[in-house]
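Residues per chain are reported as follows:
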Amino acid sequence: MTDRSFRFSHAITRAPAASIARGLRAVDTGTPDLARMQAHHADYIAALRSTGATVVELGPLDAYPDSVFVEDTALCLPEGAVVMRPGAPSRLGEAAEMAPQLEALYSRVRRIEGAASFIEGGDILTTETEILVGRSARTNAEGIAELARIVADWGHTVREVHTPPGVLHFKTDCSLLDGETILATERLDASGCFKGYRVIHTAPGEEAAANTIRFNDIVLMPAGFPRTRDALVAAGYDLREIGNSECAKLDGGMSCLSLRFTPS
Ligand code: CIR
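Since the structure is predicted, the reported quantities are computational estimates derived from the model, not experimental observations.

Conventions we followed
Residues numbered from 1 in each chain as written. Predicted model: local features only at pLDDT ≥ 70, side-chain atom pairs only at ≥ 80, totals over all residues. Heavy atoms only, no water. Salt bridge = Lys/Arg side-chain N within 4 Å of Asp/Glu carboxyl O. Helix = DSSP H or I, 4+ residues; strand = E, 2+ residues; numbered from the N terminus. Buried < 20%, exposed > 50% of the residue type's maximum accessible area, 1.4 Å probe, protein only. Pairing = 2+ DSSP bridges. Right-handed = clockwise from strand over helix to strand, strands pointing away. Polar contact = N/O pair within 3.5 Å; in protein donor to acceptor, adjacent residues only side chain to side chain. UniProt positions renumbered as here; feature names shortened; annotations may be inferred. Contact = heavy atoms within 4.5 Å. Core = buried A, V, L, I, M, F, W, Y, C linked by side-chain atoms within 4.5 Å.

(A) Broad picture of the pattern of salt bridges. For the structure shown, the criterion picks out 21 salt bridges. Taking the shortest distance from any N to any O, the salt bridge between Glu71 and Arg260 comes out at 3.0 Å. You can see Glu71 sitting in the loop between strand 2 (54-58) and strand 3 (74-76) and its partner Arg260 sitting in strand 15 (residues 259-261), a full 189 residues away along the chain. Each member of the pair, Glu71 together with Arg260, is buried. Note that Asp230 and Arg229 form a salt bridge whose closest N and O atoms lie 3.1 Å from each other. Look at Arg229 and you get partly exposed, because its relative accessible area is 26%.

Below is the structure:
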């Protein structure tokens, strides 16, 4: 067992744009406050940097209201990066904006290209042994098949799973805590997709805590979920709570705010 699924030398983030007010959302719970989001974003970047990683901070892209959610634009693996084709039409151009950034850091960059292929990084959970991809409103069978062909060249196996109905992305409801442990909502775990892994459940009523990130020695989790936080602390994880009130209005959490990788 290695720990390459959570040890990273680099992260890429993108500053939220003023157009964030027009970002996509399943349910309108209010307009995100840009200044508050910028403050949370700064805390997030500081936490990533505290592990010794290099954080590449990209400038805001006003043409793409959701572009702060960089995770959806690419899958970063130790062997190379794959540029996604987001299923949300307003987000397709974000992937093209990210490609040159990855090409500057990685020697191998491939792209999802099929006109019928759609896939977003938020639906992809990479563990030590496999890549789980949730079929969702944003990620279809063609996108998953194309990704599977690309990463097979690098020795990776894709397993298709399902994002629960009404949930934006697979990782909205789960995250990797270490090489063998996953934090998940009970509703997602009930689908049986995590057999063979150790699973810690979010506390009842705290499902929105499921989207965390393990980044080197720390776990970043959204603030405001005390029972899940206490369970993770009791399990021995070194937690950093980051304000997420503004991203949550746009269905965003910890994982979507960065691409995390060690370039090769
Ligand atoms: C969207 O609907 O695409 C954005 N408002 C939120 C994207 C969140 N991304 C992620 O969880 N990976």
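There is more to say after this.
(B) Broad picture of the pairing of strand 14 (residues 238-242). Sheet topology places strand 13 (residues 218-222) next to strand 14; 5 bridges connect them, and they run parallel. When the sheet's bridge partners are listed, Pro222 is paired in strand 14 with Ile242. The β-α-β motif built from strand 13, the intervening helix 5 (residues 226-234) and the parallel element strand 14 has right-handed crossover chirality.

(C) Representation of the environment of Thr129 in the model. One can find Thr129 in the loop between strand 6 (124-126) and strand 7 (131-135). The exposure class of Thr129 is exposed, given its relative accessible area of 59%. Along the backbone, Thr129 and Thr2 are 127 residues apart, and their C-alpha atoms lie at a distance of 9.7 Å. A polar side-chain atom of Thr129 sits 3.4 Å from a polar atom in the side chain of Tyr197.

(D) Main features of the UniProt feature "binding site: substrate" (unreviewed entry) in the protein chain. Per the UniProt annotation, the sites labelled "binding site: substrate" (unreviewed entry) are Leu24, Asp66, Glu71, Asp72, Arg91, Arg138 and Leu250. Those residues in contact with Leu24 that sit more than four places away from it in its chain are Asp66, Ala88, Ser90, Arg91, Arg138, Leu250 and Asp251. Looking at Glu71, the relative accessible area reads 4%, which means it is buried. The residues touching Glu71, leaving out its near neighbours within four places in the chain, are Gly121, Gly122, Lys171, Ser255, Cys256, Ser258, Leu259 and Arg260.

(E) Spatial organisation of the side chain of His10. Inspection of the secondary structure puts His10 in strand 1 (residues 10-14). Excluding its chain neighbours within four sequence positions, the residues that come into contact with His10 are Ala53, Thr54, Leu105, Phe215, Leu259, Arg260, Phe261 and Pro263.

(F) Spatial organisation of the nonpolar core. In this structure, Tyr44, Leu48, Phe69, Ile213, Phe215 and Leu220 are the most contacted members of the largest nonpolar core, which totals 23 residues. Looking at this core, the elements with two or more residues in it are helix 1 (34-49), strand 12 (213-215) and strand 13. Among the elements that make up this core, the one with the highest residue count is helix 1 (5 residues). Apart from residues no more than four positions distant in its own chain, Phe215 is found in contact with Phe6, Phe8, His10, Ala11, Leu48, Thr51, Ala53 and Arg260. In this structure, Met84, Ile119, Leu147 and Val151 belong to the second largest nonpolar core, which totals 15 residues.

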